[in-house]
Amino acid sequence: PHSVGDDTWDGYNEIVVELKSYGIPTVVAAGNDSANVVGFAPANVSSAITVASVGKNSAGGYFRSDFSNYGTYIDISAPGEEIVSAYKEGYLATSSGTSMAAPHVAAAVALLYSDPETTYSSAEIELILKNNAIDLGNSGWDIYYGDGMVSLEYANSKLPSSNIVFSRVETECTESFVLTMSIAESGAQIYYTLDGTVPTLEKGTPYTTSITISTT
């Protein structure tokens, strides 16, 4: 959920606490008032994972978004500026805000939960995200970035690791051919790249149909 300008909205607070008691982590946006998050519920609930926003400059470095709330309740940060998002009317638009940042962390939580070889608790998932975050600002935790920027690449590495089966494995060919791929896990998604880089959720293309490989 987003965060509202009321530090006593007990309804939100009680829900977050109850969810954690059932082992369900709640990811919340810190809010966009460039103010201390202590005054914004449910971001000021210690049981929540509160997410601040960062932007990216032309040199590839990350910085705190000037609108992002800050304070002792900030747990972690994520990209929240100029994020392309789907709207209910059926189109895509670019938006900025901590509500754009929080879904990155929620996605990382979901990826860790999807690992079939583990049974992480909500506390363990939060610790994994923090321990593997990309440190920004002052070394270690700080009031603007929390423990750093969430690493989707790390969470992605925890996905099922079974071998992908290729219809052909030749490294050289004299004619074009059609390549298909499959994986044993039910519901698993294959991502690929065509430039030789390692595919990730951020940089890979979802495999949905066969690929024609050309000799050129």
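Residues numbered from 1 in each chain as written. Predicted model: local features only at pLDDT ≥ 70, side-chain atom pairs only at ≥ 80, totals over all residues. Heavy atoms only, no water.

A. A look at the packing of aromatic side chains. All told, the structure shown has two aromatic pairs when counted by the stated rule. Ring geometry for Tyr70 versus Tyr144: centroids 5.7 Å apart, planes at 55 degrees, classification tilted. Of this pair, Tyr70 sits in the loop between strand 3 (62-64) and strand 4 (76-79) while Tyr144 sits in the loop between helix 3 (122-131) and helix 4 (152-157), and the two are 74 residues apart along the sequence. Plain terms: the ring middles of Tyr87 and Tyr91 are 5.3 Å apart, the flat faces sit at 10 degrees to each other, and that makes the pair stacked. Given a relative accessible area of 33%, Tyr87 falls into the partly exposed group. Taking the relative accessible area as the measure of exposure, Tyr91 reaches 42% and is therefore partly exposed. (Phe/Tyr/Trp six-rings, centres within 6.5 Å; stacked < 30°, edge-to-face > 60°. Helix = DSSP H or I, 4+ residues; strand = E, 2+ residues; numbered from the N terminus. Buried < 20%, exposed > 50% of the residue type's maximum accessible area, 1.4 Å probe, protein only.)

B. Molecular detail of the pattern of salt bridges. Scanning the model with the defined rule gives two salt bridges in all. The salt bridge involving Lys130 is made with Asp75; its shortest N-O contact spans 3.0 Å. Taken together, the residues Lys130 in helix 3 and Asp75 in the loop between strand 3 and strand 4 connect sequence positions 55 residues apart. On the basis of relative accessible area, Asp75 is assigned to the buried category, the value being 10%. Residue classification places Lys130 among the partly exposed residues on the basis of a relative accessible area of 22%. Salt bridges here are not isolated pairs; linked through shared partners, they connect Asp75, Glu126 and Lys130. (Salt bridge = Lys/Arg side-chain N within 4 Å of Asp/Glu carboxyl O.)

C. Representation of the confidence of the model for the protein in the model. For the protein, per-residue confidence averages 84 on the pLDDT scale, and 84% of positions sit at 70 or higher. Put simply, helix 4 is where the protein has its lowest mean pLDDT, 68, and strand 4 is where it has its highest, 97. (pLDDT = per-residue confidence, 0-100.)

D. Structural context of the pairing of strand 2 (residues 49-56). Counting buried positions along strand 2 yields seven of eight residues, so the element is predominantly enclosed. Pairing between strand 1 (residues 27-29) and strand 2: three bridges, direction parallel. Across the sheet, residue Val27 finds its bridge partner in strand 2, namely Ile49. Sheet topology places strand 2 next to strand 4; four bridges connect them, and they run parallel. (Pairing = 2+ DSSP bridges.)

E. Geometry of the side chain of Thr50. Positionally, Thr50 belongs in strand 2. Thr50 gets classed as buried once you look at its relative accessible area, which sits at 0%. At a separation of 2.8 Å, a polar atom in the side chain of Thr50 contacts the main-chain carbonyl oxygen of Ala43. Discounting residues that sit within four places of it in the chain, Thr50 has contacts with Val28, Ala30, Val37, Ala43, Tyr73, Ile74, Asp75 and Ile76. (Polar contact = N/O pair within 3.5 Å; in protein donor to acceptor, adjacent residues only side chain to side chain. Contact = heavy atoms within 4.5 Å.)

F. Spotlight on the nonpolar core. If you look at the biggest cluster of nonpolar residues, it comprises 19 residues, and the most contacted ones within it are Val27, Val51, Ile76, Val105, Leu129 and Val150. Taken together, the elements giving at least two residues each to this core come down to strand 1, strand 2, strand 4, helix 2 (98-113) and helix 3. Among the elements that line this core, the one with the most residues is helix 2, at six residues. Counting nine residues, the second largest nonpolar core, distinct from the first, contains Val16, Val28, Ala43 and Val45. (Core = buried A, V, L, I, M, F, W, Y, C linked by side-chain atoms within 4.5 Å.)

G. Geometry of the environment of Val45. Its location among the elements puts Val45 in the loop between strand 1 and strand 2. Of the residues examined, Val45 reaches a relative accessible area of 7% and is grouped as buried. Remark: the alpha-carbon pair of Val45 and Tyr12, spanning 33 residues in sequence, is separated by 8.9 Å. Discounting residues that sit within four places of it in the chain, Val45 has contacts with Asn13, Val16, Val17 and Tyr73.

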